[in-house]
Amino acid sequence: MGKTYERIDGRLRTFIEAQPLFFTATAPLSADGTVNLSPKGLKGSFAVIDELTVAYLDFAGSNAETIAHLRENGRITLMWCAFQGPPNIVRVHGRGEPVFRDDPRFLELLARFPGIDPAPHGLRAITVVTAERIRDTCGYAVPFMSYEEDRDLHGRRFAREDDASLNDYFRGKEHIERSMDGLPGLPLPLPPSTV
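Note that the structure is predicted; figures quoted are calculated from it, not measured. (Residues numbered from 1 in each chain as written. Predicted model: local features only at pLDDT ≥ 70, side-chain atom pairs only at ≥ 80, totals over all residues. Heavy atoms only, no water.)

A.B. asks: Sorry, what's going on with helix H5 (residues 163-171) here?
C.D. replies: Owing to its 3.6 residues per turn, the α-helix brings residues three or four apart onto one side. Regarding H5, the residues found buried are Leu166, Asn167, Tyr169 and Phe170. Buried residues of H5 fall within an arc of 160° about the axis and therefore sit on the same side. H5 presents Ala164 and Asp168 as exposed residues on the side facing more than 90 degrees away from its buried surface. Those residues of H5 that are buried lie in contact with helix H4 (153-158). With a side-chain oxygen positioned 3.2 Å from the backbone nitrogen of Ala164, the residue opening H5 is Asp162. (Buried < 20%, exposed > 50% of the residue type's maximum accessible area, 1.4 Å probe, protein only. Helix = DSSP H or I, 4+ residues; strand = E, 2+ residues; numbered from the N terminus. Arc of directions from axis to C-beta. Contact = heavy atoms within 4.5 Å. Polar contact = N/O pair within 3.5 Å; in protein donor to acceptor, adjacent residues only side chain to side chain.)

And the structure:
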């Protein structure tokens, strides 16, 4: 039923890149820490960098659990489900790293996302994931669902912010600079935006 892959290429890459939604899962090292599971979308915000590396844009939100967990231990799993067509679930287990705006790699990585304007979304970081295990499973129990379009609410909400007001917004949220478990989250203030 399941197959392990050496790399992200061919049919597997085509499937991943075609999905409008994927999920990220992370956890702290503490056994009683909070496991985090997040949906990710917005067309153009995900990229396959090479056969073992993927990345996605990390936009403004009300917490930074994934960033905090990656800063602590780097463990992450990404998952895509086929909601249309043949059943399939793909998971990439690996090591992730948030690349922040002041990192020398940031602009080069950002160029890998030509299909989206990140400016109205409050771009905080680019999460880069190096695959350690790539697997698919059947997905027989995943329902058929239709993708209509991306919501425009995120862009409309955060397009109103400049760097100063975005920093104020983040500082006003309980779990941005520190995770729910007290881990360091998003470093503030954000470096100036380059987009």
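A.B. asks: Mind showing me how you'd approach the pairing of strand S5 (residues 53-58) here?
C.D. replies: Remember that side chains alternate between the two faces of the sheet whenever the strand is regular. Within S5, six of the six residues are buried, which leaves it mostly tucked inside the rest of the structure. Relative to S5, strand S4 (residues 46-50) is paired through four bridges, and the arrangement is antiparallel. Bridge pairing in S5 places Val48 opposite Val54. Between S4 and S5, which pair antiparallel in sequence order, lie two residues. (Pairing = 2+ DSSP bridges.)

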